[in-house]
Amino acid sequence: MAFLKSNFFIKSSFSIVQKICLAGLFIALATIFQKAFVINIPVLPFFRISFGGPAIIIISSILLGPWFGFLVGAASDLLGYLIFDTKAYMPFIQITAIYALLGFVSYFVFCLIRKFSNKKLSEIILYGVLGVLFVSTTLVFSLNSSLSLGGNVYSFELWARILIPSLSFALFGLLILFIKLFDRHLNKKNVVPVFNVYQVATASLILEVVVMILFGSLMKATAFSMSLYPIILLCQIIVAFVNVPLNTAFISYIIYITRRYFKNV
């Protein structure tokens, strides 16, 4: 089986001591970016954008392995609660589970994506899935001025109904532009990284859909109220248009500058 072949797995040249030290650094960075560098937008509940937090958890999994990624994801969320959120929120193990899972499965998703280097296929998957998500959210905001869930009514002002789809489309365009420019940059330098930018973007999208949108929305709903699941799901889809471009750019660059630490590439 392909999964049992040695060249399927990502191997780095870090020693166990180096991995432990790097894990501590990643935990600190992920905590700061997850809790300090965030934007809470009052248009919708649970609409929270973190700049760099998920990307750091993902890159820790790629560089250090799945169990270190699991540790970084779980520890950064718990540490963030102890430092930043003790007065505002209760600790929810469901939320910690989201980031622990993100840290664990990222390694295997990137191992799998590594086997598929077809840029054209990656583009079709990436743009197709993001296109479906964009059309879905646009239709929701176009056809509804409010949503009624669990006795709560969430109203959308006209400016929000215009701004959110417009920003999603703009971020979609920026993602495409970054992919084209970064790929051209690597070709000019004649550099072959562990993962090309198309693979990174596709893996980031898969993680966003499976972990953050599907699993994450379910965990947040069980933590707060299952009646809120549709609105949480909608918010997570919108946030994906921020996370996928950010994660793609951040991870692509880190993999580019750390490529010499990977073995058997």
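Relevant structure appears above.
Residues numbered from 1 in each chain as written. Predicted model: local features only at pLDDT ≥ 70, side-chain atom pairs only at ≥ 80, totals over all residues. Heavy atoms only, no water.

### Things to note about the overall build of the chain
We apply this condition: The numbering of helices and of strands both runs from the N terminus, where a helix is a DSSP run of H or I of at least 4 residues and a strand a run of E of at least 2. When accessible area is computed with a 1.4 Å probe and restricted to protein chains, residues below 20% of their type maximum are described as buried, those above 50% as exposed, and intermediate ones as partly exposed. Residue contacts are counted whenever heavy atoms from the two residues lie within 4.5 Å of one another. Residue-level accessible areas treat just the shown protein chains as cover; the underlying method is Shrake-Rupley with a 1.4 Å probe.
A count of helices and strands for the chain gives eight helices and six strands. The order of α-helices and β-strands along the chain, N terminus first, is β-α-β-β-α-α-α-α-β-β-α-α-α-β. By the burial criterion, 49% of the 265 residues in the chain qualify as buried. Within the chain, counting contacts between residues at least 6 apart in sequence, those at least 24 apart form 77% of the total. For the chain, the exposed surface amounts to about 13,000 Å²; the carbon and sulfur share of it is 70%.

### So, the pattern of salt bridges
For clarity, the cut-off: Here, a salt bridge means any Lys or Arg side-chain nitrogen found within 4 Å of an Asp or Glu carboxyl oxygen.
The full count for this structure, using the stated rule, is two salt bridges. The partner of K120 in a salt bridge is E123, and the shortest N-O contact between them spans 3.8 Å. Placement of both K120 and E123 in helix α5 (residues 119-143) is noted, with a separation of three residues, approximately one turn of the helix. For K120, a relative accessible area of 53% puts it in the exposed group. Overall, the relative accessible area of 11% leaves E123 in the buried class. Note that K180 is salt-bridged to E123, the shortest N-O span being 2.8 Å.

### Regarding the environment of I206
Relative to the assigned elements, I206 resides in helix α7 (residues 197-224). Leaving out residues up to four positions away in the same chain, I206 has contacts with V109, I113 and V211.

### Some words on the packing of aromatic side chains
Applicable threshold: Aromatic pairs are defined between Phe, Tyr and Trp rings, using the six-membered ring for Trp, whenever the two ring centres lie within 6.5 Å; interplanar angles under 30 degrees are classed as stacked, those over 60 as edge-to-face, and all others as tilted.
Applying the stated criterion to the full structure yields 13 aromatic pairs. Centroid distance F134 to F241: 6.4 Å. Interplanar angle 75°. Geometry classified as edge-to-face. Of this pair, F134 sits in helix α5 while F241 sits in helix α8 (residues 229-257), placing them 107 residues apart in sequence. For F134, a relative accessible area of 18% corresponds to the buried category.

### Some remarks on a nonpolar patch on the surface
Rules: Residues qualify for a patch when their relative accessible area is over 30% and they have no salt bridge, like charges being joined within 9 Å and the nonpolar side chains of Val, Leu, Ile, Met, Phe, Trp and Tyr within 5 Å.
Side chains of I32, F37, F51 and L246 sit close together on the surface and give an oily, nonpolar patch of about 330 Å² of accessible area. Locating F51 in the fold gives a position in the loop between β3 (48-50) and α2 (53-64).

### Here's the deal with the packing of helix α1 (residues 16-35) against α2
Keep this limit in mind: Axis definition: a line fit to C-alpha positions, over the contact stretch in the case of helices; interaxial angles, taken between N-to-C directions, run 0 to 180 degrees. Should an angle fall under 35 degrees it is taken as roughly parallel, and over 145 as roughly antiparallel, whereas 65 to 115 is taken as roughly perpendicular and any remaining angle as oblique. Each helix crossing is assigned a hand: it is left-handed if the near helix lies turned anticlockwise from the far helix by less than a right angle, otherwise right-handed if that turn is clockwise.
Axis separation between α1 and α2 bottoms out at 8 Å; the angle between their running directions is 165°. Viewed along their axes, α1 and α2 adopt a mutual orientation that is roughly antiparallel. Two packed elements cross with a definite hand, and for α1 against α2 that hand is left-handed. Contacts from K19, L22, A23, F26, L29, A30, F33 and Q34 of α1 reach α2 at G53, P54, I56, I57, I59, S60, L63 and L64.

### Some remarks on α5
Note: α-helices contain 3.6 residues per turn, so residues at a spacing of three or four share the same orientation. The condition that has to hold: Here a helix's expected span is defined as the number of its residues, less one, multiplied by 1.5 Å.
Its 25 residues place the ends of α5 36 Å apart at the C-alpha level, agreeing with the 36 Å of an ideal helix rising 1.5 Å per residue. Those residues of α5 that fall on the buried side of the exposure criterion are S122, E123, L126, L130, G131, L133, F134, T137, T138 and F141. Of the surrounding elements, those touching the buried residues of α5 are α6 (158-189), α7 and α8.

### A word on the environment of F224
In this structure, F224 sits in helix α7. Residue F224 is classed as partly exposed on the basis of its relative accessible area, which comes to 39%. Each C-alpha atom, one on F224 and one on Q94, is 9.8 Å from the other, the two residues being 130 residues apart in sequence.

### Quick look at α6
Taking 1.5 Å of rise per residue, 32 residues should cover 46 Å, and α6 covers 47 Å from first to last C-alpha, within 8% of that figure. Summarising the contacts, the buried residues of α6 are in contact with α5, α7 and α8. Directly after α6, the chain includes N190, whose backbone phi takes a positive value near 55°.

### Regarding the nonpolar core
Applied cut-off: We call a set of buried residues a nonpolar core when its members are Ala, Val, Leu, Ile, Met, Phe, Trp, Tyr or Cys and they connect through side-chain atoms within 4.5 Å of each other.
Core analysis: the largest hydrophobic core is formed by 38 residues, its most contacted members being I62, F110 and I251. Of all the secondary structure elements, the ones that give two or more residues to this core are α1, α2, α3 (66-85), α4 (93-114), α7 and α8. Broken down by element, this core gets its largest block of residues, 10 residues, from α4. Within the second largest apolar cluster, 20 residues are counted, among which are L133, F172, L175 and A201.

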